[in-house]
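# Architecture at a glance
Spelled out, the chains give:
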Amino acid sequence: MNHLQISTDPTLLGADLPDSLTTSPSVSTFLPEEDTSTCLLLPETPSPPLGFTHPLTPGMGNTENSENITGDDLAAETSSSGSSGIGMGGGCTAGASNLFNNHSDYQHLRKKSDGKIQENGIHLNGTLNIPITKDMPSFVHWNWPFIRKCTFLVFLGGIFAMVAIVVAMIATLPKSCNPPVAWYKGSVFYEVFPASFQDTNDDGLGDIRGLIGRAEYFKSLGVAAVRLNSIFPSKHYPDHFQDVTSLTAVDEVLGKVEDLQKLAAVLHERNISLILDLPIFPFIDHLNPPTIDVNHLPNRTDEAPTSEYLRLARSINARGSENIVTTVFRFWLARGGIDGFYVKGLEHFSDDPLLLENIKEWKYTLGGDRVLMVSKEFIDKVPGSIVTDILNHVDLVDVRLDVANGTDSIANTVRSAVAGHILRDVEHPWIHWSLGSVHDRRLSSTTSSNMTLAATLMQLTFPGTVNIFYGDEIALEEAHDPTGEHEETKHLHHLSVMSWDGHQNQFTGRGTLPWLPKSESSSYHHLELVVEMIALRKRSPSIYQNAVTKEEQVLPNTDVKSSQNDVLVIQRWYPRRHSFAAITNFGEKNVSLDLSAMFYSGEIVAGSSTKRDRIYFDRFEVGPLETVIVRLHK
């Protein structure tokens, strides 16, 4: 026994032990970790070859490799030989030597493809042995790389779809949040004399098919309705178009009822309505009793269908007598396409005792989605006892503008319409402004083409609905007859045939003369300014709104600021919206105005070719016969 309690009896050990094991405990007793690090942790691995040489043990193992070690390597070996080289003999030492030998082959490192399959079904992939048996779940054999790719692509597709939906929602959001109104409120109407607009059969007279061919022109203007002021048969149409002989037919010069139906359909495809002027006087000399008891009619709202209301109304005390105007309404409504009527000549029946009952029946026959229009002359003649009831059953009141009498006349007309009977109640109708008509001479012939443009732009800034007489958008002049060959139709020369731009088809064929001489000139460059102003009006509630309704009160939103020295200044506003000012110079000279007491600054948005981002009113210049529209800065 030695001092470590290890027996040294050779017979007990059954082998000859080296002296170092029994006499020097520092040699092998305190280096068990080196033996363990070599092979004890791998009990299942086969024993390495006997020629194992520890890489840190000098003078052992392969002598050929040790001869190649020089310089720093030799020094490293010498310095480590005291500890690493002790007790590193045997099979485990030889196996470790192969791992660290620079010239040995690393055959224990395998590629994935180097795996072999044994007969018992075990995959040998490097050092990992994964047995595959029949009890293995089926998902193990799935193509997981392909599944991961598909899942990733589906995830990306979902992200892109959500982003596309959000972008589409943002793109389709309304560009403005303006107060909603009925289609005829605040919009622009285009009045046409059909015999002078477009000829299609080369007889020198316009017809309804010509209107159908010009449907795209109506759309390009941006108008909401086309108003036909004369389509009914007369003794000699169009020379005596006022003397109508029927209200349920179309003059043969213009076409047939079916042509009018086709026109309505074509316009409706372009979101444009069709309105007819109905001249009841002198065709009717007195009003007939209503066909229903209008004093006991069921309540009607604008949302209620007209057919449902009429069904209820006819069941209440229906009378046997015929009402001519009601019959005319029903005739045209039955054929479809007519969106309203301008009943002309009612001022001759202002004292008729059946007037109010007839107005009620006419409106209820049309329904809430169709227009009943009357003139301001008629409203002014209606007795005060029934004027409020009349206004409650009328949609539009036509107000004529006479710009030839100066700015004071225009200012008085605007103030009278805004502060008069028309806008006193929430349920009262909207104003309908007319500048030209079938009974008045054209401004371009009496003054200048610029006068027509200035008056049209000014009119388009007025509250309510605006009417443009055909040709005024291009300052069409009256028929040019210098030799007096058409003296017998001189009273109709203001109804000159429409003039079209050079690249478009003209009014009639080259081999046919129009029924009236052509106008001397037209200003086609005005059209762009008018279209621009119509577009501005459509998107600006400060301009198209009739008034401001607040807490069941109607407050005007139009103010005539000045009407002196041939200059008219009108301001328009609406709560929480931009305010606008229209400055019109009806004089023949350029003027410089100091309007700083009214406005501070703004930007020109229409009416002038010299638009600027910011202008000041301390020295505001307006050219002769010019209208400038300014968006005011707060």
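Residues numbered from 1 in each chain as written. Predicted model: local features only at pLDDT ≥ 70, side-chain atom pairs only at ≥ 80, totals over all residues. Heavy atoms only, no water.

Glancing now at the sheet that holds strand 14 (residues 558-562). With respect to topology, 6 strands assemble into an open sheet ordered 14-15-16-21-18-19, the strand pairing being antiparallel. Either end of the sheet is taken by a strand with one partner, and the two such strands are strand 14 and strand 19 (615-616). Across the sheet, helix 17 (residues 407-419) touches strand 14 and strand 15 (567-572), and the angle it forms with strand 14 is around 155 degrees. In the packing of helix 20 (residues 526-539) onto the sheet, the strands contacted are strand 16 (579-585), strand 18 (601-606) and strand 21 (626-632), and the crossing angle to strand 18 comes to about 120 degrees. (Pairing = 2+ DSSP bridges. Helix = DSSP H or I, 4+ residues; strand = E, 2+ residues; numbered from the N terminus. Contact = heavy atoms within 4.5 Å. Axes fitted to C-alpha atoms, helices over the stretch in contact; angles between N-to-C directions.)

Strands sit in the order 4-5-6-7-8-9-10-11 around a closed barrel of 8 strands; the barrel is parallel. Neighbouring strand axes in the sheet, compared pairwise and without regard to direction, differ in orientation by 25 degrees on average. Across 4 bridges, strand 5 (residues 225-228) lies against strand 6 (residues 273-279) in parallel orientation. Following the sheet pairing, V226 is matched in strand 6 by L274. Its contacts with the sheet put helix 11 (residues 257-269) on strand 5 and strand 6, and the angle it makes with strand 6 is roughly 140 degrees. Running over the sheet, helix 13 (residues 324-335) touches strand 6, strand 7 (340-344) and strand 8 (371-375) and is turned about 155 degrees from strand 6.

It is worth spelling out the environment of L391 at this point. If you trace the backbone, L391 turns up in helix 16 (residues 384-392). Overall, the relative accessible area of 1% leaves L391 in the buried class. Counting along the chain gives 32 residues from L391 to L423, while the straight-line C-alpha distance between them is 9.5 Å. Beyond its immediate sequence surroundings of up to four residues, L391 is in contact with I379, V397, H421, I422, E427, H428 and P429. (Buried < 20%, exposed > 50% of the residue type's maximum accessible area, 1.4 Å probe, protein only.)

The end-to-end C-alpha distance of helix 17, which contains 13 residues, comes to 18 Å, matching closely the 18 Å that a straight helix rising 1.5 Å per residue would cover. Of all the residues in helix 17, the buried ones are T407, I410, A411, V414, A417 and V418. Taken down its axis, helix 17 places every buried residue within 135 degrees of arc, on the same side. Of the surrounding elements, those touching the buried residues of helix 17 are strand 9 (396-400), strand 10 (430-434), helix 19 (449-459), strand 14 and strand 15. (Expected span 1.5 Å × (residues − 1). Arc of directions from axis to C-beta.)

Positionally, T407 belongs in helix 17. The contacts of T407, once residues within four sequence positions are left out, are S563, Q564, D566, V567, L568 and F586.

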